[in-house]
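Overview (structure and organization)
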Amino acid sequence: MTTLYKKKVRCAVCGNENEFTGIGSTNRLGWPDLDTRPPEMERSTIFTWVQRCPGCGFCASDISKAPPGAGSLVRASEYQKQLHDRAYPDLANSFLCKAMVDEQMSDYAAAAWALVYAAWACDDAEQRNQARICRSKAAKMLIEAEAHSQKIVEQDGMSTAILIDLLRRSGQYAEAQESLVTRQSAITEDFIIRILGFQATLIKNGDDSCHTIAEALGEEE
């Protein structure tokens, strides 16, 4: 069961007070997708993971906190263009704009996750091409995070598993295979090794669809 509540938050960029929905509690029934997207009921709380100020368009996990230079970024034409890009769902645009803020702060790990969430929002809206674009951007940002010694997950090897899934689902099979070959020798966790073996089969078959960790492990759903 998911419990939601309303909360008022003052935007740190423009000062407007806005009301948002927060999560009191939620649960998971089933297995996550290969990119770690949770099952229901947590899955449906994605709209609460980002706040967008209706006044200025500042997007963040908590708009009451803004990094230096956020105001200038929000007013920039590139940001505003993304914020109102009608090719994407509104929720995806919010995550894409959050990623821009995170990247400006050099928080590449947070930016990578914002891009992954944007892909999930596109999935829900059945906008396949936009989802692929978001995953491609997320893969590049994940690599950037690693280059700056920023972890996107704590579990060793899971970053590689997520990267492979992002590349595969964005149709970058050659890149996914190359990353798999390059990185798999460093993986020691059996759980991750089995996931990567499953990914290798999907890549070989040109499969860019969503699959769960349960499938990779041969577990019953």
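Residues numbered from 1 in each chain as written. Predicted model: local features only at pLDDT ≥ 70, side-chain atom pairs only at ≥ 80, totals over all residues. Heavy atoms only, no water.

**A word on a nonpolar patch on the surface**
A cluster of nonpolar residues, M1, L29 and M41, forms a patch on the protein surface that exposes about 360 Å² of accessible area. Mapped onto the elements, M41 comes out in the loop between β2 (17-25) and β3 (51-52). (Patch = residues over 30% accessible without salt bridge, like charges linked within 9 Å, V, L, I, M, F, W, Y side chains within 5 Å. Areas by Shrake-Rupley, 256 points an atom, 1.4 Å probe, with all protein chains shown as cover. Salt bridge = Lys/Arg side-chain N within 4 Å of Asp/Glu carboxyl O. Helix = DSSP H or I, 4+ residues; strand = E, 2+ residues; numbered from the N terminus.)

**Remarks on the pattern of salt bridges**
This model, assessed by the stated rule, comprises 12 salt bridges. With its nearest N and O atoms 2.5 Å apart, the salt bridge here joins R28 to E42. In this pair, R28 sits in the loop between β2 and β3 while E42 sits in the loop between β2 and β3, placing the two residues 14 residues apart along the sequence. When salt bridges that share partners are traced, they join D35, D123 and R135 into one network.

**Considerations on the pairing of β2**
The sheet contact formed by strand β1 (residues 3-10) and β2 spans 8 bridges and is antiparallel. Bridge pairing in β2 places T3 opposite S25. Taking the residues that link successive antiparallel strands as the turn, the β1-β2 hairpin has 6 residues, and the phi of G15 there is positive, at about 85°. (Pairing = 2+ DSSP bridges.)

**Remarks on the layout of surface pockets**
Any empty space left between the atoms is revealed when a probe the size of a water molecule rolls over them. What the largest pocket holds in volume is close to 250 Å³. Lining the largest pocket are E78, K81, Q82, D85, L96, A99, M100, E103, L115, K137, K140 and M141. Mapped by element, the contributors of at least two residues to the lining of the largest pocket are α2 (77-83), α3 (90-104) and α5 (128-147). Here the residues of the lining of the largest pocket sort into 5 nonpolar, 1 polar and 6 charged. Here the second largest pocket defines a volume of roughly 150 Å³. Considering the residues around the second largest pocket, the lining is formed by R28, P32, T36, P38, E42, W49, W113, Y117, W120, M158, F191 and I213. The leading source of residues in the lining of the second largest pocket is helix α4 (residues 108-124), at 3 residues. Its residues assigned to classes, the lining of the second largest pocket shows 9 nonpolar, 1 polar and 2 charged. (1 Å grid on protein atoms, 1.4 Å probe; cavity = no way out; pocket = protein on both sides within 12 Å on 5 of 7 lines; lining within 4 Å. Points joined across faces, edges and corners; volume = space filled by probe spheres on them. Nonpolar A, V, L, I, M, F, W, Y, C, P; charged D, E, K, R; others polar.)

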